[in-house]
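Listed below are the residues making up each chain.
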Amino acid sequence: MIRLRGIDLLLTYQCSGRCAHCCYRASPDRHETMTLDEVENYLSAVADHPLENILLFGGEPFLHYDLLHQSILLAAKLARVLVFTNGYWATDRQTARRLLAGLQEAGLDYILFSVDAFHQAHVPLERIAIGIEAARDLGYRTIEIDNRYLQGSGADNFFDRRTGEIMTQLGQLCDLTGITVHQGPMETVGRAADQLSPYLETQTSPPTRCPLPDYLGDDLRLPIRVEIHPGGWVNLCAGLALGNAQQRPLDQILADYNPETHPIISVLMREGPAGLRPLLKRHGLSLPGGYTDGCHLCYQARRLLQPHYPEHLAPLSVYREGPATPVLQLQTGIIYGPIHSRRLGRSLGINLLPTAYKLCSFDCVYCHYGRTRVKTLTPEESPFPSVKQVLNAVEEALQTHQEIDYLTFSGNGEPTLHPHFPAIVAGVRRLRDTLKPEVKLAILSNSSTVHLPRIRAALKMFDAPIMKLDAGDPTTLARINRPAANVKLEAIIEGLKEIPNLIIQSVLVTGRVSNIQGEPFEAWLSALAAIRPAQVQIYSTDRPVAEAGVEKVPPATLRSIAEEIEQRTGLQVRAYWALAPGSSPLPAGR
């Protein structure tokens, strides 16, 4: 029997971001959400438990503000309420005050903001500062910050260094006096197991004790907290189910809890995560690769066992990402990053394009931003930032960020489509020369505008003009890049010949569309030989893409292609693919 001291209601899987460390695999395209009746039923079932607090979270609960507001009204009658949020909603002080005041009136005085490298890939840090100051102005009793680390505070990896930088910047943006900062490692579960475990060292000695978090009671025999998911699944850890509260009443699930009869919990209680390996063997299964800690071992084993124990290892969404979707969200401002680039090191991005949609002259099948909403070579009434806005943002960024290698024009589509692109490039170069002359300028462009003399003149101001060329014939261009109607491949090839220090970037794909063999490959190779760039960079898609049937080219094939290009053209080629931390891409032939 379980007597709860706390209950966590995961109101929705929908989120404004798609964080790499999310154990629930929340994202903008997830729409599973609790109803208010379900919330009321769950809270009624635990009304007689000695509850100390009730957590409302997601996903991002502010995406369903009315549900959040009404849930606080219900929960505040039983215990103190805590809301976990990424702060995306704090777009300005007035909006933040209005939203937080409404929740405060419903009974909320405890709010916790997620702030780290994972969340700030999707939420501008300025919004966190606005949210904190709004909560402080309203007199919230408790305002806290939660940092999730890859390895730990001060660890020497990109994610943890970035989290440290973010916290320093946040302290400059707002007053953090009196705000508790909780720091802890991310759990290698869900999306984190897929995307972040490769950055961690593997273990060889499996733990013999289940590392149940303290907040759950640190004892599988007597857990003191559960979380309830949309769809009714009652979980201890994510994906470890005690039952479904839409199929059996929650109070009955808690009253009937017996760890000895649960096929997974009983093993974990006696033998820890190591005990799941013999269970795998009994089902003819084995763990591929290694594991980074006890939670990772447990999760990887449970993922394989899930089809055999669907009532005990649920919901399924914890174990499967679902249909392939773009994993990158559109940039929400002019400056983003810095991010760690395979090619450019610490790169600070400059987005000259609208933030509400992707604006591009291509609609590439492999694009991690998904389909192109506005596909054109001649945009007319798009909401571009002004030259002054861009230069002010770049100047502030250069003064703020101490260690960057490149300023990189990229963003939400094709950067050269900005009507004042040449003036912006000239202004950014002047700022760079004055404030940080050691920083280089780069651009990631699809090459569709290189037939224009004013664009070519601007491209000559870059240290690294990295220009796309995925196809050497119109048919392959149409199948892979799906350009706007007035984009001409011949004009692209002729324009590229005029750019000094040119770097060609080519994405190679296979599957239902391919440019790695036969006539498409030969035409592309001939185009490279005619252009004679300073370097060719080839890579494939390492993230999921929105188009079904588009497949990644494996590293061995990329390396072989790079060697063939060098041998047949004499060009310098570098092949890139996802590598273990600390590794570098190797030139062909080495």
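Our subject is the structure that appears above.
Residues numbered from 1 in each chain as written. Predicted model: local features only at pLDDT ≥ 70, side-chain atom pairs only at ≥ 80, totals over all residues. Heavy atoms only, no water.

1. Here's the deal with the overall build of the chain
Consideration 1: Looking only at helices and strands, the chain features 17 helices and 21 strands.
Consideration 2: Taken against the 2.2 N^0.38 rule, which gives 25 Å for 590 residues, the C-alpha radius of gyration of the chain at 26 Å falls within 12% of a compact globule.
Consideration 3: By its C-alpha atoms, the chain is 75 × 60 × 40 Å across when sized along the principal axes.
Consideration 4: Here the chain holds 590 residues, and the buried ones make up 58% of them.
Consideration 5: The long-range fraction of contacts in the chain, counting pairs at least 24 apart against all pairs at least 6 apart in sequence, stands at 73%.
Consideration 6: As presented, the chain carries roughly 24400 Å² of accessible surface, and 49% of it is formed by carbon and sulfur atoms.
Consideration 7: Between the centroid of the 57 positive side chains of the chain and the centroid of its 61 negative side chains there is a distance of 5 Å. (Helix = DSSP H or I, 4+ residues; strand = E, 2+ residues; numbered from the N terminus. Rg over C-alpha atoms; globule rule 2.2 N^0.38 Å. Buried < 20%, exposed > 50% of the residue type's maximum accessible area, 1.4 Å probe, protein only. Contact = heavy atoms within 4.5 Å. Areas by Shrake-Rupley, 256 points an atom, 1.4 Å probe, with all protein chains shown as cover. Lys, Arg positive; Asp, Glu negative; His and termini not counted. Charge placed at Lys NZ, Arg CZ, Asp CG, Glu CD.)

2. Topic: the nonpolar core
Consideration 1: Core analysis: the biggest nonpolar cluster contains 106 residues, and Leu9, Phe62, Trp89, Leu170 and Leu250 have the highest contact counts within it.
Consideration 2: Ranked by the residues each element gives to this core, the list is headed by helix α4 (residues 125-138), at seven residues. (Core = buried A, V, L, I, M, F, W, Y, C linked by side-chain atoms within 4.5 Å.)

3. Side note on the sheet that holds strand β14 (residues 406-410)
Consideration 1: What the eight strands build is an open sheet, ordered β10-β11-β14-β15-β16-β17-β19-β21; its pairing is mixed. Sheet topology places β10 (335-341) and β21 (573-576) at the edges, where each strand pairs with a single neighbour. Taken pair by pair, the neighbouring strands of this sheet meet at an average axis angle of 25°, ignoring direction.
Consideration 2: In this structure, strand β17 (residues 503-507) lies alongside strand β19 (residues 535-539), joined through five bridges in parallel fashion. Across the sheet, glutamine 505 pairs through a bridge with glutamine 537, a residue of β19.
Consideration 3: Sheet contacts for helix α5 (residues 158-173): β10 and β11 (345-351); angle to β10, the most-contacted strand, approximately 155°. (Pairing = 2+ DSSP bridges. Axes fitted to C-alpha atoms, helices over the stretch in contact; angles between N-to-C directions.)

4. Some remarks on the packing of α4 against α5
Consideration 1: Across the interface, α4 lies against α5 with an axial gap of 9 Å and an inter-helix angle of 50°. In terms of axis orientation, α4 runs oblique to α5. Remark: the crossing between α4 and α5 carries right-handed chirality. Contacts between α4 and α5 pair Leu125, Glu126, Ile128, Ala129 and Ile132 from the former with Ile166, Gln169, Leu170 and Leu173 from the latter. (Parallel < 35°, antiparallel > 145°, perpendicular 65-115°, else oblique. Left-handed = near helix turned anticlockwise from the far one by under 90°.)

5. Description of helix α15 (residues 489-496)
Consideration 1: When α15 is considered as a whole, its buried residues turn out to be Leu489, Ile492, Ile493, Gly495 and Leu496. Down the axis of α15, the buried side of the element spans an arc of 165°, and every buried residue falls inside it.
Consideration 2: Where α15 is buried, its residues meet α13 (453-459), β16 (464-468), α14 (474-480), β17 and α16 (518-531). (Arc of directions from axis to C-beta.)

6. Quick notes on the environment of leucine 200
Consideration 1: Of note, leucine 200 is situated in the loop between α6 (191-195) and β7 (225-228).
Consideration 2: C-alpha separation for the pair leucine 200 and aspartate 293, spaced 93 residues apart in sequence, amounts to 9.3 Å.
Consideration 3: Not counting residues within four places of it along the chain, the set of residues in contact with leucine 200 comprises Leu150, Gln151, Met186, Thr188 and Thr292.

Remember, this is a structural readout, not a statement about activity or role.
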